[in-house]
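Observations on chain architecture
The primary structure of each chain is shown beneath.
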Amino acid sequence: MPDGVCAARAPQETMRILFTCLLLMLLFATGLSKPANLKPKPIDKRQNETPYEKFKRQHVDAKMTAKKCEAEIKNKQIYNVDNSCKDTNTFILSDYEKVKAICNGHGSPHKNTCLTESKAKFSIVKCELKNNGGRKPNCQYKGKLLTNRIVVVQCGGLPVHFEKDIVTFESNNATIGKIPMDSTSVPTNIHV
C-alpha cells in the first residue's frame with residue numbers, strides 16, 4: 001500500500017475509536033448500561049417523619065394486642081438506628097387525640113424533669129425482646145398487656161418520646177391508697 005493511504009486511514013481509525021468511547025460514556029452517563037434486574041432501593045418513608053409521626057408509629061395503636069408484638073414491630077419498622085432489635089417497645093392502647101392531649105393540658109410535670117406524665121390512665125402492651133442480640137428482621141418479642149398505667153412522655157408541643165409507664169394501685173376507697181411506682185418495681189407493702 002502506498003504511504004498516503006495508511007496515513008489517511010490513521011485519522012479515520014482514531015475518530016472511530018473516539019466516537020465509540022464517547023458513545024460508551026454516554027450510555028453509562030444515562031444509565032442505559034444498568035442491567036434490567038437491578039432495581040433502585042426503595043425510599044425509606046421514615047426518613048421524612050416528624051418526631052411526633054415517629055412517636056405515633058412506634059407507640060400508639062388502639063388495636064394492638066400482646067400477641068401481635070413481632071408482627072407489628074416488623075410491619076412498623078421499629079428498630080434501633082443500627083438495625084438491632086429494640087430491647088423493649090411500648091404501645092399505648094388509645095387513639096392519637098387522647099395521647100396528644102397529654103402535652104396539651106391533660107398532663108402534669110413528672111418529678112423534676114422535662115417530662116410530662118398523663119393525668120389519665122391507659123392500657124399498654126409492653127413488647128420485650130426474647131432473643132437478645134437479635135437483628136432486623138429476626139426480632140422475637142413477648143408481649144404483655146398492662147392496665148391502669150400513667151404514661152410519661154417528652155413533649156415538644158406534641159408527644160415526641162415515650163419514657164416509661166407508672167403503675168398505680170388504688171384501694172376501694174378512692175380517696176386513699178394511690179401508690180405510684182415504675183412498672184419495673186415490686187410493691188412490698190400494699191394495704192387494701
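As the structure is a computational prediction, the values presented were derived from the model and not from experiment. (Residues numbered from 1 in each chain as written. Predicted model: local features only at pLDDT ≥ 70, side-chain atom pairs only at ≥ 80, totals over all residues. Heavy atoms only, no water.)

**Some thoughts on the overall build of the chain**
Scanning the chain from N- to C-terminus turns up four helices and seven strands. Its helices and strands taken in sequence order, the chain reads α-α-α-β-α-β-β-β-β-β-β from the N to the C terminus. In the chain, buried positions account for 29% of the 192 residues. The contacts in the chain between residues at least 6 apart in sequence include a share of 57% that link residues at least 24 apart. (Helix = DSSP H or I, 4+ residues; strand = E, 2+ residues; numbered from the N terminus. Buried < 20%, exposed > 50% of the residue type's maximum accessible area, 1.4 Å probe, protein only. Contact = heavy atoms within 4.5 Å.)

**Digging into the pattern of salt bridges**
Counted according to the given criterion, the structure contains six salt bridges. The partner of Glu72 in a salt bridge is Lys76, and the shortest N-O contact between them spans 4.0 Å. One exposure class covers both Glu72 and Lys76, and it is buried. One salt bridge in this structure joins Lys100 and Glu97, with 3.4 Å as the shortest N-O distance. Residue Lys100 and its partner Glu97 are both found in helix H4 (residues 96-100); the two are separated by three residues, about one turn of the helix. The exposure class assigned to Glu97 is exposed, which follows from its relative accessible area of 52%. (Salt bridge = Lys/Arg side-chain N within 4 Å of Asp/Glu carboxyl O.)

**A look at the pairing of strand E5 (residues 141-155)**
Summarising the sheet, strand E3 (residues 115-118) and E5 pair through three bridges and their orientation is antiparallel. For Leu115, the partnering residue across the bridge sits in E5 and is Gln154. Bridge count between E5 and strand E6 (residues 159-169): seven bridges; the pairing is antiparallel. Residue pairing across strands places Cys155 opposite Pro159, the latter belonging to E6. Hairpin connection from E5 to E6: three residues lie between these consecutive antiparallel strands, with Gly157 at a positive phi of about 90 degrees. (Pairing = 2+ DSSP bridges.)

**Quick word on the state of the cysteines**
Inspection of the entire model under this criterion finds three disulfides. Between Cys69 and Cys127 runs a disulfide, and the two sulfur atoms are separated by 2.0 Å. Because the torsion about its S-S bond is -75 degrees, the bridge between Cys69 and Cys127 counts as left-handed. With Cys69 in helix H3 (residues 69-75) and Cys127 in strand E4 (residues 122-129), this residue pair connects regions lying 58 residues apart in the sequence. As far as burial versus exposure is concerned, Cys69 and Cys127 are alike and both buried. Covalently, Cys103 is tied to Cys155 through a disulfide, its sulfur atoms 1.9 Å apart. Between Cys103 and Cys155 the sulfur-sulfur dihedral comes to about -80 degrees; the bridge is accordingly left-handed. Within this pair, whereas Cys103 is found in the loop between H4 and strand E2 (107-109), its partner Cys155 is found in strand E5, the two being separated by 52 residues in sequence. Considering cysteine sulfurs only, Cys155 is the nearest to Cys114, which forms no disulfide, with 9.5 Å between them. (Disulfide = S-S within 2.5 Å.)

**Focus on the side chain of Arg57**
Here Arg57 lies in helix H2 (residues 51-59). One polar contact links Arg57 to Glu49, side chain to side chain, over a distance of 2.7 Å. (Polar contact = N/O pair within 3.5 Å; in protein donor to acceptor, adjacent residues only side chain to side chain.)

Nothing here speaks to function; it is all geometry.
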